[in-house]
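Survey of secondary and tertiary structure
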Amino acid sequence: MKHYIIVKWNDEVTDKELFYNKAYEAFKNVTDIDEVTGLNVYKNNSDRSNRYDVMIEIECSKQGLLNYDVSTLHKEWKDNYSKYIASKAIFDHD
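Reading guide: rules and limits
Residues numbered from 1 in each chain as written. Predicted model: local features only at pLDDT ≥ 70, side-chain atom pairs only at ≥ 80, totals over all residues. Heavy atoms only, no water. Helix = DSSP H or I, 4+ residues; strand = E, 2+ residues; numbered from the N terminus. Rg over C-alpha atoms; globule rule 2.2 N^0.38 Å. Buried < 20%, exposed > 50% of the residue type's maximum accessible area, 1.4 Å probe, protein only. Contact = heavy atoms within 4.5 Å. Areas by Shrake-Rupley, 256 points an atom, 1.4 Å probe, with all protein chains shown as cover. Lys, Arg positive; Asp, Glu negative; His and termini not counted. Charge placed at Lys NZ, Arg CZ, Asp CG, Glu CD. Polar contact = N/O pair within 3.5 Å; in protein donor to acceptor, adjacent residues only side chain to side chain. Salt bridge = Lys/Arg side-chain N within 4 Å of Asp/Glu carboxyl O. Core = buried A, V, L, I, M, F, W, Y, C linked by side-chain atoms within 4.5 Å. Axes fitted to C-alpha atoms, helices over the stretch in contact; angles between N-to-C directions. Parallel < 35°, antiparallel > 145°, perpendicular 65-115°, else oblique. Nonpolar A, V, L, I, M, F, W, Y, C, P; charged D, E, K, R; others polar. Pairing = 2+ DSSP bridges.

1. Regarding the overall build of the protein chain
- A count of helical and extended segments in the protein chain gives 3 helices and 4 strands.
- For the protein chain, the sequential pattern of α-helices and β-strands runs β-α-β-β-α-α-β.
- Taken over the C-alpha trace, the protein chain has a radius of gyration of 13 Å; the compact-globule value for 94 residues is 12 Å, and the two agree within 12%.
- The C-alpha extent of the protein chain, read off along each of the three principal axes, is 35 × 25 × 20 Å.
- Relative to its 94 residues, the protein chain shows a buried fraction of 33%.
- Taking all contacts inside the protein chain whose residues are at least 6 apart in sequence as the whole, residues at least 24 apart take part in 71%.
- As displayed, the protein chain has an accessible area near 6,000 Å², and 45% of this comes from carbon and sulfur atoms.
- The average position of the 13 basic charges and that of the 17 acidic charges among the side chains of the protein chain differ by 5 Å.

2. Thoughts on the environment of Y52
- Relative to the helices and strands, Y52 is located in the loop between strand 2 (36-43) and strand 3 (54-60).
- Exposure remark for Y52: the relative accessible area of 33% places this residue in the partly exposed category.
- Considered as a pair, Y52 and K16 are 36 residues apart in the sequence and their alpha carbons are 11 Å apart.
- Each residue touching Y52, except ones within four places of it in the same chain, is listed here: I6, V7, K8, N44, S87, K88 and A89.
- There is a polar contact of 3.2 Å between the side chain of Y52 and the side chain of S87.

3. As for the pattern of salt bridges
- What the rule picks out here adds up to 5 salt bridges.
- We note a salt bridge from D53 to K16, for which the minimum N-O separation is 3.0 Å. Of this pair, D53 sits in the loop between strand 2 and strand 3 while K16 sits in helix 1 (residues 16-27); the two residues are 37 residues apart in sequence, bridging distant segments of the chain.
- The class for D53 is buried, based on a relative accessible area of 9%.

4. Overview of unusual backbone geometry
- The phi angle at E35 is positive, at roughly 70 degrees, despite the residue not being glycine.
- Note on placement: E35 falls in the loop between helix 1 and strand 2.
- E35 gets classed as partly exposed once you look at its relative accessible area, which sits at 43%.

5. What to know about the nonpolar core
- Within the largest apolar cluster, 22 residues are counted, with the highest numbers of intra-cluster contacts made by W9, F27, I56, I58, Y68 and W77.
- Only strand 1 (2-9), helix 1, strand 2, strand 3, helix 2 (62-69) and helix 3 (72-81) provide two or more residues apiece to this core.

6. Let's talk about the packing of helix 1 against helix 3
- In contact at an axis separation of 9 Å, helix 1 and helix 3 are set at 155 degrees when each is read in the N-to-C sense. On the basis of their axis angle, the class for helix 1 and helix 3 is roughly antiparallel. Here F19, K22, A23, A26 and F27 of helix 1 come into contact with helix 3, specifically with L73, W77 and Y81.
- Class assignment of the residues belonging to the contact of helix 1 with helix 3 gives a composition of 7 nonpolar, no polar and 1 charged.

7. Describing the sheet that holds strand 3
- Sheet architecture is open: 4 strands sit in the order 2-3-1-4, paired in antiparallel fashion. Of all the strands in the sheet, just strand 2 and strand 4 (85-93) have a single pairing partner and so form its edges. The mean angle between the axes of side-by-side strands here comes to 15 degrees, regardless of whether they run parallel or antiparallel.

Laid out in structure tokens, this is it:
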């Protein structure tokens, strides 16, 4: 399955390139989690105000998603970056 985290940074983030890199760094080891097999991190290429800034795509099994949900990586992402997120969307599909 694919698990997407789509993020719009808040106004505290003035360097979106830096935060794209921070998002990649936060997730780069996600495939170390059992049954998580892939990662792509995409940055938006448009400066339009109604666009989201980064999309994180995680490939995993359904159990892998459960493993990710309780992982230290997920907890650290939420602890370290929630304060910079204006809005986000989560989307999963097979």
